[in-house]
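# Observations on the three-dimensional arrangement
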Amino acid sequence: MEYKGMSTISVHSGEYIDEAVRAVVTPIFQSSTFLLSDKEYERILEGKTRQANIYTREGNPTRRAVEEKMKALERGEDALSFSSGMAAIAASLLSILKKGDHLISTFDLYGGSSVLINRDLPSLGIESTLVNSTDLEEIESSIRPNTKLFFFESLSNPLLKILDLPKIVEIAREHNLITIIDNTFLTPYNLRPLEYGVDLVVHSATKYLNGHSDIIAGVVVGKKFLIDRIWEKMVRFGGSMDPHQAFLLERGLKTFSLRMQRHNENGRRIAEYLERHPRIKRVIYPGLDSYPQRKLAKHLLKKGCSGMVSFEIKGGDEAGLEFMKNLKIIRQATSLGGVESLVSMPFNTSHADLSEEERRRMGINKGLVRLSCGIEDAEDLIEDIDQALSRVSRW
Ligand SMILES: *Cc1c(COP(=O)(O)O)cnc(C)c1O
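First things first, this report covers the structure right here in the doc. All values derive from a computational prediction rather than experimental measurement.

The rules behind the values
Along each chain, the written sequence defines residue order, and numbers are assigned to residues from 1. At least 70 in pLDDT is required for a residue's local features to be given in this predicted model, at least 80 for side-chain atom pairs to be given and counted, and no such filter applies to totals for whole chains, interfaces and linings, which use all residues. With hydrogens and water excluded, all non-hydrogen atoms of the structure serve as input to the side-chain values. Helix and strand assignments come from DSSP, with helices taken as H or I runs of at least 4 residues and strands as E runs of at least 2, each series counted from the N terminus. This radius of gyration counts C-alpha atoms alone. The globule rule is 2.2 Å times how many residues there are, raised to the power 0.38. Accessible area is worked out with a 1.4 Å probe on protein chains only. A residue is then buried under 20% of its type maximum, exposed over 50%, and partly exposed in between. The contact definition used throughout considers only heavy atoms, calling two residues in contact when any of these lie within 4.5 Å. Working definition of accessibility: Shrake-Rupley area with a 1.4 Å probe, residue cover restricted to the visible protein chains. Any two rings among Phe, Tyr and Trp, with Trp reduced to its six-membered ring, count as a pair given centres within 6.5 Å; such a pair is stacked if its planes are under 30 degrees apart, edge-to-face if over 60, and tilted if neither.

## Here's the deal with the overall build of the protein
The secondary structure content of the protein amounts to 15 helices and 12 strands. Scaling as 2.2 N^0.38, a compact globule of 395 residues should have a C-alpha radius of gyration of about 21 Å, and the protein matches this with 22 Å. C-alpha atoms of the protein, sized along the principal axes, occupy 75 × 55 × 35 Å. For the protein, buried positions account for 55% of its 395 residues. Restricting the contact set of the protein to residue pairs at least 6 apart, pairs at least 24 apart contribute 74%. Surface exposure of the protein reaches about 17,300 Å², of which carbon and sulfur atoms provide 51%.

## Description of the environment of Val21
If you trace the backbone, Val21 turns up in the loop between α1 (6-12) and α2 (38-46). For the pair Val21 and Glu318, spaced 297 residues apart in the sequence, the C-alpha separation amounts to 58 Å.

## Some details on the packing of aromatic side chains
Here the structure, examined in full by the defined rule, presents 4 aromatic pairs. Plain terms: the ring middles of Phe150 and Phe152 are 5.7 Å apart, the flat faces sit at 50 degrees to each other, and that makes the pair tilted. Classification of Phe152 by relative accessible area gives buried; the value is 0%. Look at Phe311 and Phe323: their rings are 5.9 Å apart centre to centre, the planes differ by 80 degrees, and that puts the pair in the edge-to-face class. Residue Phe311 is located in strand β9 (residues 308-313), and its partner Phe323 is located in helix α13 (residues 316-326); the two are separated by 12 residues in the primary sequence.

This is how it looks when you write it as structure tokens:
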């Protein structure tokens, strides 16, 4: 029977029932290699090692279980798992781009992807243009004869700008470009970019997909002919997922749908609470009427907007630091998407290597705080934020 609902898919898709033992849970095949028989020798001769269990850098059944689940969640043709989100992103970009090619991306990108595009790709002879992801005219006018792909995030960090996916795909198709979308912040629970015609979706599975802040992991889902090419890069660059990591990710994914419901609800309730607070200058959350791209957000995000809330506190960075220190349940750490709420400020973490002027130009104003709402009770989180704000001395 076909699994239809998000929760049913989260629990069951991809599960591996070992007929010899009949365990309910997908086993951890913690083995670097597998016994060879005529079938495997045949596959090796045909060059089809991806379809057989031969060596774990190339493939592993525990990993395959998690890939099948991700394939079902994003509704893609195929999926591949990696040792980190960056391994998935790097292998995906390098499977398409070669010397002399050009890509279009944006300046407010996850730091790791930004450095990869700005420093590593140029040394391989791959150029890029970084645009404002909300400016479709700028995107289209940046296309050159050697442009091969678009790389954007569906919801950006930390300013939570939403991407106009239908328009981006339209431009890409017109110019024969491949579109890769980093869907880490929204997840397939809130948005499935492949349904809009995107070619590949990449994730840092470290965040919402695993959801428990206990592994680093990455996945890519999308067109099979592209996933086959990415697999070749994965095998050569070596960023394959470990079987134990795959087990943890598969276990985390079983509650994915349940967790996302709560993340969405907590994000919305906390954003609404903050917007009414006199010590808060501005709240950025796609579910608020004050959100600059509200119409687009309403159109694309039918279920919710995730648990990421950004806001500017009166009194600037000093007040932000004081606020964070005062928190008792919510703790300071980078990363996001876990069951526990985490808070950080871009100025001294993700965007610390930019100058104050560069941050200001990007829209990262003084006092900007980024909150990843966990799955705790909203009342407790709000009470914690309330007491922490009331004890801030400057504003
Ligand atoms: C964390 C993150 C990454 C990098 O993923 P890792 O698992 O840390 O390698 C990429 N993109 C986004 C949007 C992220 O938040």
